[in-house]
Amino acid sequence: MSSPCLTLENVSKTYMSNRDGRLVTALADVTFSVNAGEYLCLLGRSGCGKSTLLSVISGLTELDAGTIRNNGELVCGPNRHRMLMFQQDALFPWLDVLGNVMYGLQFVERMSRDEMQKKAEAYLDLVGLSNVHHFHINQLSGGMRQRVALARALAPDPNILLMDEPFSALDAMTREQLYADMQRIWKETQKTVIMVTHNAREAACLGTRIILMSAGRVIDDQPISLPHPRTMNDTGIGQTASLISQRLQQKENVESIQ
Amino acid sequence: MKTRLLAIFIFAIFIGCWQVVCALKWVSPILLPSPFDVGKYLISSMLDGVLLSALGVTLSRLAIGYVMGLIFGISIGLLLYHSFLARSTLGVVALGLQTLPSVCWAPLALLWFGQSENAMYFVVIMGSMWAITLSTKEAITSVPPIYVQAARVMGSRGFHAWRTVVFPAALPQLANGARMGWAFAWRSLMAAEIYVTIISRFGVGQLLHFGRELHAMDQAVGVMVVIVLVGFLSEKFIFTRCKLKHT
């Protein structure tokens, strides 16, 4: 857990607002690095630039300025080593569960169809979906769909898993279950995870480190040293979450005065 | 099963009433032939081969015209999707021409191609392609961008993304456009066959036209029944089946 897996240097991004055509700063001079095996949570209010940050790390959105390096290699365009799991359901409804998980494997070199299928099945087992391989996507619940999306993102063996508010559309009980599963999967696969969320408790429950963002800037960067596995009912989680919320409030007030 | 029997019963009552009205001469046979006469015409024209050969001619025209309409429609639809200039010029024309009843193409077709097969194809293509064009453009535009983004993240690029993501995602709507195009092609062909007379090859539209000319109303109504049946069967057995397969 030491070598930087991802480094961002002075990353900036502006875009034209659809509403009034004004230039909006989505990211301003963002610099940080992420070590291999970290579970980093990007936390902030809606519109603070956290989803844009995830999108530029994935390579889907181009940068205006700055550099992003993944294991020393400059990021230019999407790449299966940085797999993005979307907030909304981005599963392909014309393929079954197995087909969806196998889709990303066709770009992994030297893999026969049998191997692809075996690997996809193994990842479906990992996310706890061993008996729905041939189900239609529309037959699955919201929680199951996110599990399939997780298996699809993990199957090509990326070195970074990017997650854009993956649990925000789920009900509380399903979310709790997924938090537990997510921690288990993160431990088992030892992936570097960068997850965007606007829920401080969620960040405190899952992350090993939290970066707070406001108006496109990093305003705070804190490690969370509570031991895993954690649950939402742990007293430490509630305390950490309220501390994080307070800090976000304070930093935003200071920024607005400046 | 029960509703099916009830439906058959209602149809039987309807045809029975029609037969009674004709038998009692409440309506002149020149205006409305009896179902018995229509049936007699259908059987005799089936037996002497006139109806079947006309149906063969019509269906081959429909197939050729429709396939060409599909090719043109899908190609222009793709062009509209890709080019803003095409959308703001050809797109407007397509929208306008789609509302033009296909029979309006017949005079132009006669003038350009004379009494020929090409005139028929022209009417069918013009009658069907604009609806296909617009629905192709709509189908591709409405593919959620998140699917393409997800495919790009996993490594799909260019034509591969089109083949494995855009096309299957757009398929239900593309099929709907193809179905609409088929209905338009069928209507257009009937208009073309009534207006464009080719002496060597009679289609069912011409049989209908001659039925009217010769005051043979049993023929006119009989051919109408055949036209409705072809439309109904293609809808029921080709397109509904395709739709079921996809969903």
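Residues numbered from 1 in each chain as written. Chains lettered and ligands numbered in written order. Predicted model: local features only at pLDDT ≥ 70, side-chain atom pairs only at ≥ 80, totals over all residues. Heavy atoms only, no water.

Caption draft 1: Highlighting the overall build of chain A. Looking only at helices and strands, chain A features seven helices and 10 strands. Its C-alpha atoms give chain A a radius of gyration of 18 Å, within 12% of the compact-globule value 18 Å for 258 residues. Across its three principal axes, chain A shows a C-alpha extent of roughly 60 × 40 × 40 Å. Per-residue burial for chain A yields a buried fraction of 50% across its 258 residues. Total accessible area on chain A is roughly 12100 Å²; 47% of this is exposed by carbon and sulfur atoms. Charge separation in chain A, taken as the distance between the mean sites of 25 positive and 27 negative side-chain charges, equals 1 Å. (Helix = DSSP H or I, 4+ residues; strand = E, 2+ residues; numbered from the N terminus. Rg over C-alpha atoms; globule rule 2.2 N^0.38 Å. Buried < 20%, exposed > 50% of the residue type's maximum accessible area, 1.4 Å probe, protein only. Areas by Shrake-Rupley, 256 points an atom, 1.4 Å probe, with all protein chains shown as cover. Lys, Arg positive; Asp, Glu negative; His and termini not counted. Charge placed at Lys NZ, Arg CZ, Asp CG, Glu CD.)

Caption draft 2: Structural context of the overall build of chain B. Looking only at helices and strands, chain B features 11 helices and zero strands. Along chain B, helices and strands appear, N-terminal first, in the series α-α-α-α-α-α-α-α-α-α-α. Seen through its principal axes, chain B has C-alpha atoms that stretch 75 × 55 × 30 Å. Of the contacts formed within chain B by residues at least 6 apart in sequence, a portion of 70% connects residues at least 24 apart. (Contact = heavy atoms within 4.5 Å.)

Caption draft 3: Quick peek at the domain arrangement of chain A. All names here are of chain A. What the domain assignment lists for chain A is domain 1 (1-81 + 159-258) and domain 2 (84-157). Computed from C-alpha atoms alone, the centre-to-centre distance between domain 1 and domain 2 is 24 Å. At the interface, 23 residues of domain 1 touch 17 residues of domain 2. A combined buried area of about 1700 Å² lies between domain 1 and domain 2, and 64% of that area is made up of carbon and sulfur atoms. When the buried area of domain 1 at its contact with domain 2 is split by residue, R80, L161 and I185 rank highest and sum to 28% of it. (Domains from an automatic or database assignment. Buried area = accessible area lost by both parts, 1.4 Å probe.)

Caption draft 4: Region of interest: the sheet that holds strand β1 (residues 4-16) of chain A. Residues and elements named next belong to chain A. Strand order in this open sheet of four strands is β2-β1-β4-β5, and the pairing throughout is antiparallel. A single partner strand is all that each edge strand has here, and the edge strands are β2 (23-35) and β5 (73-74). Pairing geometry for β1 and strand β4 (residues 65-70), over five bridges, is antiparallel. If you follow E9 over to β4, its bridge partner there is T67. The strands touched by helix α1 (residues 50-58) are β1, β2 and β4; relative to β2, the strand with the most contacts, the crossing angle is about 60°. (Pairing = 2+ DSSP bridges. Axes fitted to C-alpha atoms, helices over the stretch in contact; angles between N-to-C directions.)

Caption draft 5: A look at the pairing of β1 of chain A. All names here are of chain A. As paired strands, β1 and β2 are joined by nine bridges and run antiparallel to one another. Along β2, the bridge assignment pairs L6 with V34. Where β1 folds back onto β2 in an antiparallel hairpin, the turn is made up of six residues, including G21, whose phi is positive at roughly 75°.

Caption draft 6: Representation of the interface of chain B and chain A within the structure. In this complex, chain B contributes 16 residues to the contact, which on the side of chain A involves 20 residues. Roughly 1700 Å² of surface becomes buried between chain B and chain A when both sides are summed, with 72% attributable to carbon and sulfur atoms. If you sort the residues of chain B by the area they bury against chain A, I146, V153 and M154 of chain B come out on top, with a joint share of 44%. For the interface between chain B and chain A, the tally reads zero salt bridges. Where chain B packs against chain A, one counts five residue pairs in polar contact (both at pLDDT 80 or more). Considering every element that reaches the side of chain B that touches chain A, the biggest residue donor is helix α8 (residues 145-154) of chain B, with eight residues. In terms of residue class, the side of chain B that touches chain A is made up of nine nonpolar, five polar and two charged. (Salt bridge = Lys/Arg side-chain N within 4 Å of Asp/Glu carboxyl O. Polar contact = N/O pair within 3.5 Å; in protein donor to acceptor, adjacent residues only side chain to side chain. Nonpolar A, V, L, I, M, F, W, Y, C, P; charged D, E, K, R; others polar.)

Caption draft 7: Up close: the pairing of β4 of chain A. All names here are of chain A. As defined by bridge partners, β4 adjoins β5 across two bridges and the pair is classed as antiparallel. When the sheet's bridge partners are listed, N70 is paired in β5 with E73. Between the antiparallel neighbours β4 and β5 lie two residues, among them N71 with a positive phi of about 50°.

Caption draft 8: Quick look at the packing of aromatic side chains. Scanning the model with the defined rule gives 14 aromatic pairs over all chains in all. For the ring pair Y103 of chain A and F107 of chain A, a centre distance of 5.8 Å and an interplane angle of 65° mean the geometry is edge-to-face. Judged by relative accessible area, which is 4%, Y103 of chain A ranks as buried. A relative accessible area of 22% means that F107 of chain A is categorised as partly exposed. Among the aromatic residues, those joined into a cluster by ring pairs are F92, W94, Y103 and F107 of chain A together with Y147 of chain B. The lysine or arginine in question, R152 of chain A, covers the ring of F92 of chain A, its NZ or CZ lying 4.7 Å from the ring centre. (Phe/Tyr/Trp six-rings, centres within 6.5 Å; stacked < 30°, edge-to-face > 60°. Lys NZ or Arg CZ within 6 Å of the ring centre and 35° of its normal.)

Caption draft 9: Main features of the nonpolar core. In terms of nonpolar packing, the biggest core is built from 96 residues, with L42, L53, M163 and I194 of chain A touching the most fellow members. When residues of this core are assigned to domains, at least three map to each of domain 1 (1-81 + 159-258) and domain 2 (84-157) of chain A. Not counting residues up to four positions away in its chain, the partners in contact with L53 of chain A are L8, L27, V30, F32, L42 and M213 of chain A. Residues Y66, A119, L207 and V230 of chain B belong to the second largest nonpolar core, which totals 45 residues. (Core = buried A, V, L, I, M, F, W, Y, C linked by side-chain atoms within 4.5 Å.)

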